[in-house]
Amino acid sequence: MIKNNVRAVKASETDLKERVVAIKRVAKVVKGGRRFSFSAIVVVGDGNGTVGYGLGKANEVTDAIAKGIDDAKKNLVKVPLYHHTVPHAIEGKYSGGFVLVKPAAPGTGVLAGGAMRAVLESAGIKDVLAKSKGSSNPHNVVKATFDALSKMRDPLVVAKQRGISLSKVFNG
C-alpha cells in the first residue's frame with residue numbers, strides 16, 4: 001500500500017526490535033500541585049528495511065513505552081537499501097529538524113547522532129554518513145529522518161523506469 005509516496009508495511013510481531021529514543025517527564029499543574037506523566041518516543045525495526053516510530057504517553061514509564069511500541073507498529077514504512085547503505089544522498093525536514101543522510105563505503109558504520117542513529121540502525125542500515133542540522137529535539141529529528149528515508153528511491157525501480165542497467169544508474 002503506497003500513500004503519499006510512503007510504502008506502508010504490515011507488522012509481523014516476531015521480528016521487530018524496539019529501541020527507546022527518549023523518555024520525558026511532563027507536568028500538568030492542577031489544584032493540588034503538579035501531576036507528572038511520561039512521554040516516550042520509540043523506534044521499531046526488523047533490521048531489513050522496515051522501520052517505524054511511535055509516541056506513547058502515560059502515568060508510568062513502562063506504560064508509555066508499551067503505548068509507543070504499539071503506535072510504532074502502526075506506522076511502519078519500507079526503506080530501500082543498497083549494499084547495507086542508502087542508495088543516494090537526501091535531506092529530510094520536519095518542523096525545526098533538518099537531517100542529511102548520505103551513503104557510505106562498506107566498513108564505515110553508522111556515523112549519526114542520537115535519535116537518528118536509532119532510526120537508521122533499526123532500519124538495518126549498516127554504513128551511512130548522517131548529520132542532524134537545526135533542532136536537536138528527538139521528536140523532530142526522528143520525524144525528519146523518516147521524511148528523508150521515505151523520499152528515498154529504490155535503485156532497481158529507477159533503473160527499470162529509465163530502461164537502463166543498475167550499474168548505469170550509479171556510474172552514469
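Residues numbered from 1 in each chain as written. Predicted model: local features only at pLDDT ≥ 70, side-chain atom pairs only at ≥ 80, totals over all residues. Heavy atoms only, no water.

Undergrad: Pulling in residues and values, what's your account of the sheet that holds strand S10 (residues 128–134)?
TA: Spatial ordering of the open sheet is given by S7-S8-S10-S9, a layout of four strands whose pairing is mixed. Bordering the open sheet on either side are strand S7 (90–94) and strand S9 (110–111), each of which pairs with just one other strand. Alignment of S9 against S10, held across two bridges, turns out to be parallel. Bridging from a neighbouring strand, Val110 pairs with Val128 of S10. Strand contacts of helix H2 (residues 114–123): strand S8 (97–103), S9 and S10, with the helix running at about 145° to S10, the strand carrying the most contacts. (Pairing = 2+ DSSP bridges. Helix = DSSP H or I, 4+ residues; strand = E, 2+ residues; numbered from the N terminus. Contact = heavy atoms within 4.5 Å. Axes fitted to C-alpha atoms, helices over the stretch in contact; angles between N-to-C directions.)

Undergrad: Describe the environment of Ala104, listing the residues and the values that go with them.
TA: Looking at the secondary structure, you find Ala104 in the loop between S8 and S9. The class for Ala104 is buried, based on a relative accessible area of 13%. Taking C-alpha positions, Ala104 is 33 Å from Gly56, a pair spaced 48 residues apart along the chain. (Buried < 20%, exposed > 50% of the residue type's maximum accessible area, 1.4 Å probe, protein only.)

Undergrad: Can you break down the sheet that holds strand S6 (residues 76–78) residue by residue, with the values?
TA: Read across the open sheet, the four strands follow the order S3-S4-S5-S6; overall the sheet is antiparallel. Sheet topology places strand S3 (17–30) and S6 at the edges, where each strand pairs with a single neighbour. Taken pair by pair, the neighbouring strands of this sheet meet at an average axis angle of 15°, ignoring direction. With 13 bridges connecting them, S3 and strand S4 (residues 33–45) associate as antiparallel partners. Its bridge partner being in S4, Arg19 is matched across the sheet by Val43. Along the sheet face, helix H1 (residues 61–74) touches S3, S4, strand S5 (50–58) and S6 and points at about 145° away from the line of S5.

Undergrad: Tell me about the packing of H2 against helix H3 (residues 138–150), residues and numbers included.
TA: The description of two packed helices rests on the angle between their axes and on the distance between the axes. Relative to each other, H2 and H3 sit at 40°, their axes nearing to 8 Å. Compared by their axis directions, H2 and H3 come out oblique. The two elements H2 and H3 cross, and the hand of that crossing is right-handed. For the pair formed by H2 and H3, the contact residues are Ala115, Met116, Val119 and Leu120 on the first element and Pro138, Val141, Val142, Thr145, Phe146 and Leu149 on the second. When the residues that make up the contact of H2 with H3 are grouped by side-chain class, the tally is nine nonpolar, one polar and no charged. (Parallel < 35°, antiparallel > 145°, perpendicular 65-115°, else oblique. Left-handed = near helix turned anticlockwise from the far one by under 90°. Nonpolar A, V, L, I, M, F, W, Y, C, P; charged D, E, K, R; others polar.)

Undergrad: Let's hear about the pattern of salt bridges: which residues, and what values?
TA: Opposite charge on two side chains lets them pair, provided their charged atoms get close. Under the criterion given, the structure shown has four salt bridges. Taking the shortest distance from any N to any O, the salt bridge between Lys133 and Glu91 comes out at 3.4 Å. In this pair, Lys133 sits in strand S10 while Glu91 sits in strand S7, placing the two residues 42 residues apart along the sequence. Residue Lys151 pairs with Asp147 through a salt bridge whose shortest N-O separation is 3.5 Å. By relative accessible area, which is 37% here, Lys151 ends up partly exposed. (Salt bridge = Lys/Arg side-chain N within 4 Å of Asp/Glu carboxyl O.)

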